[in-house]
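# Structural features, examined
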Amino acid sequence: QVQLVESGGGLVQAGGSLRLSCTVSGRTVSNYAMGWFRQAPGKERDFVAGISRSASNTRYADSVKGRFTISRDKNMVYLQMNRLEPEDTAVYYCAASMRLLVQIVPAEFNFWGQGTQVFVSS
């Protein structure tokens, strides 16, 4: 079993930055491809960024390319978010997949955190 705990969310003005962290416990994080998703009120949970088991490959949603960066180190996964926009406001979730490669579909992920709220004011 894997436990994921997100942190680092909060309130930030448009143009600002936040770094989200995901602490992974229970199993070695390198056994999993990892991803970040987000869900705004009344909307579906959307893919934001993903990273392969080896960290050699990453993938981003078009809406965040060039602004967000996913990385991993030991039992942590990070999402650096720069030039934030009000449209980035959502609950952000960390997820772990037993797949080898980057995954972008929620159904491919086996474990989820509880989420951390990000609110970007205009």
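Since we're looking at a predicted model, the values are computed, not measured.

### Let's talk about the overall build of the protein chain
The helix and strand tally for the protein chain stands at 0 helices and 11 strands. In the protein chain, the succession of helices and strands from N to C terminus is β-β-β-β-β-β-β-β-β-β-β. A compact globule built from 122 residues would reach a C-alpha radius of gyration of about 14 Å, and the protein chain, at 13 Å, matches this within 12%. Viewed in the frame of its principal axes, the protein chain has a C-alpha envelope of about 40 × 25 × 25 Å.

### Concerning the sheet that holds strand β3 (residues 18-25)
On the basis of which strands lie adjacent, the open sheet formed by 4 strands has the order β1-β3-β8-β7 and antiparallel pairing. Every other strand in the sheet has two partners, leaving β1 (3-7) and β7 (68-73) as the edge strands with one partner each. If you compare each strand with its neighbour and ignore which way they point, the axes differ by 15 degrees on average. The sheet contact formed by β3 and strand β8 (residues 76-81) spans 6 bridges and is antiparallel. Bridging across to β8, C22 finds its partner in V77.

### Comments concerning the packing of aromatic side chains
Applying the stated rule across the entire model yields 5 aromatic pairs. On the numbers, 5.8 Å between centres and 75 degrees between planes, the contact of F37 with F47 is edge-to-face. Of this pair, F37 sits in strand β4 (residues 33-39) while F47 sits in strand β5 (residues 46-51), and the two are 10 residues apart along the sequence. The same class applies to F37 as to F47, namely buried. Pairing F37 with W112 gives two aromatic rings, centres 5.0 Å apart and planes at 55 degrees, and the pair type is tilted.

### What to know about the nonpolar core
Counting residues in each nonpolar core, the largest one holds 34 residues, and the members touching the most others are L4, M34, W36, L79, M81 and Y92. Elements with a minimum of two residues in this core: β3, β4, β5, β7, β8, β9 (90-97) and β11 (116-121). The leading source of residues in this core is β9, at 5 residues.

### Overview of the side chain of T89
Considering the arrangement of structural elements, one finds T89 in the loop between β8 and β9. Using a relative accessible area of 16% as the deciding quantity, one classes T89 as buried. Reaching out from T89, the side chain makes a polar contact with the backbone nitrogen of V120 at a distance of 2.9 Å.

Conventions used here
Residues numbered from 1 in each chain as written. Predicted model: local features only at pLDDT ≥ 70, side-chain atom pairs only at ≥ 80, totals over all residues. Heavy atoms only, no water. Helix = DSSP H or I, 4+ residues; strand = E, 2+ residues; numbered from the N terminus. Rg over C-alpha atoms; globule rule 2.2 N^0.38 Å. Pairing = 2+ DSSP bridges. Axes fitted to C-alpha atoms, helices over the stretch in contact; angles between N-to-C directions. Phe/Tyr/Trp six-rings, centres within 6.5 Å; stacked < 30°, edge-to-face > 60°. Buried < 20%, exposed > 50% of the residue type's maximum accessible area, 1.4 Å probe, protein only. Core = buried A, V, L, I, M, F, W, Y, C linked by side-chain atoms within 4.5 Å. Polar contact = N/O pair within 3.5 Å; in protein donor to acceptor, adjacent residues only side chain to side chain.

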